[in-house]
Amino acid sequence: VNIYQSEMTFFIKKLVRRPELIFRPLQIIKRVMWIFSKNTKTKKVALPWGMKINACPRDRIGSSILKTGTYDTAILECLWRLTNQGETCIDIGANYGLMTSLLAKASGPKGKVIAFEAHPEIYTDLKKNTLKWQDLHSIAEIQIENLGVSDQQGDAELVITNEFDSNHGSASIYNQTDEHHIKKRITVKTTTLDGYFASTKQTIGVCKIDIEGHEIFALSGANELLKKKKVRDIIYEDHEGYPSPVSKLLEDHGYKIYLIRKGLLRPLLLEANTPRYELPNFLATLDSERALQKLKRFGYSTL
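This write-up is about the structure you can find in this document. (Residues numbered from 1 in each chain as written. Predicted model: local features only at pLDDT ≥ 70, side-chain atom pairs only at ≥ 80, totals over all residues. Heavy atoms only, no water.)

### What to know about the pattern of salt bridges
Any two side chains of opposite charge can pair if their charged atoms end up close together. What counts is decided by this rule: Salt bridge, as applied in this entry: a Lys or Arg side-chain nitrogen positioned within 4 Å of an Asp or Glu carboxyl oxygen. Numbering of helices and strands starts at the N terminus; helices are DSSP runs of H or I of at least 4 residues and strands are runs of E of at least 2.
What the rule picks out here adds up to eleven salt bridges. A salt bridge links Glu271 to Lys256, with the shortest nitrogen-to-oxygen separation between them at 3.3 Å. Taken as a pair, Glu271 in strand E12 (residues 267-271) and Lys256 in strand E11 (residues 256-262) lie far apart in primary sequence, 15 residues in all. Counted as one network, the salt bridges with shared partners bring together Glu87, Arg232, Asp233 and Arg290.

This is how it looks when you write it as structure tokens:
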């Protein structure tokens, strides 16, 4: 009986973390087919919001899209709900454009999305994707930049680890990597957000940032933007959890920080110091009342 209860508890916990299979039940069949399939070729897949993207089963993100129809479900839903029609959004560490495409859909034809991707080959694929999306869909203008975002303008080394073959999102300017795990280094151009936006009075609705440990440097290079309250919502990954240098910097600029967790019926905004069971993502917002209201409704529009 104890073994049975333990297995049931494990199953229920797994189910609670899988809204993708509740809101898209046909995906269960696709998942089973994928598990038994020996095909390792890249496949073009339509995302729930219409745009198509190449999904490689050998890549972590591609494999997730093939199995569940999406990736980082709670983050996608938060981006969708927090983005207003017609506003400017930023995707730092855009990869092949999963979240760029969603932001472009959410901000609509009068909006704008600026996507930064430092890796030259991934940038080339991202550009091809965005050009196709712009031609076929009524979405925001997407501006692609082959730049890393850091605390200074110039050159930096993008570190490619042994993990890269199975996780194309693992390349990073973050330099505290064991040499034994480094596959190669690529010299890339960097910019700061303060420098990039210096000649405009642009305000930013939503900024997503996932650059494998380099977030503190990117945000340090946005000191003027943050000081002038020009970025309303920032969704970021933090390897150190909470508190951290990133959370301190943002709180010093007046942001309220929440831990984002994937719930069965909707994404959850929890207190930042809530115990975590996986690599955490956070929302830093200047308008916590708005954010809580936006995330209150049940359901996943992005599934």
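### Section: the nonpolar core
Soluble globular proteins tend to bury their nonpolar side chains together. Filter applied, for reference: We define the nonpolar core as a collection of buried residues of types Ala, Val, Leu, Ile, Met, Phe, Trp, Tyr and Cys that are connected through side-chain atoms lying within 4.5 Å of one another. Accessible area is worked out with a 1.4 Å probe on protein chains only. A residue is then buried under 20% of its type maximum, exposed over 50%, and partly exposed in between. In this description, contact between two residues means that some pair of their heavy atoms is separated by no more than 4.5 Å.
Core analysis: the biggest nonpolar cluster contains 42 residues, and Ile65, Leu79, Leu82, Leu98, Ile235, Ile260 and Leu283 have the highest contact counts within it. Sorting the residues of this core by element identifies strand E2 (52-55), helix H4 (60-68), helix H5 (73-82), helix H6 (98-107), strand E4 (112-116), helix H7 (120-136), strand E5 (141-145) and E11 as the ones contributing at least two each. Looking at this core, the element that brings in the most residues is H5, giving six residues. When neighbours within four sequence positions are excluded, Leu98 is seen to be in contact with Leu47, Trp49, Ile53, Ile65, Tyr71 and Leu76.

### Description of H6
By the criterion of burial, H6 is predominantly enclosed, with nine of the ten residues buried. Those residues of H6 that fall on the buried side of the exposure criterion are Leu98, Met99, Thr100, Ser101, Leu102, Leu103, Ala104, Ala106 and Ser107. Count one or two residues on from H6 and you reach Gly108, which has phi positive near 75°.

### Details of unusual backbone geometry
A cis amide bond, omega -5°, links Tyr242 with the succeeding residue Pro243. Structurally, Pro243 is set in the loop between strand E10 (231-237) and helix H11 (245-252). In the Ramachandran plot, Asn95 falls in the positive-phi region, its phi being about 55° despite a non-glycine side chain. Turning to its location among the elements, Asn95 is positioned in the loop between strand E3 (88-92) and H6. You can call Asn95 buried: its relative accessible area is 11%. In this structure, Glu212 is a non-glycine residue whose phi angle is positive, near 50°. Along the chain, Glu212 falls in the loop between strand E9 (204-209) and helix H9 (215-220). According to the relative accessible area criterion, Glu212 is buried, its value standing at 15%.

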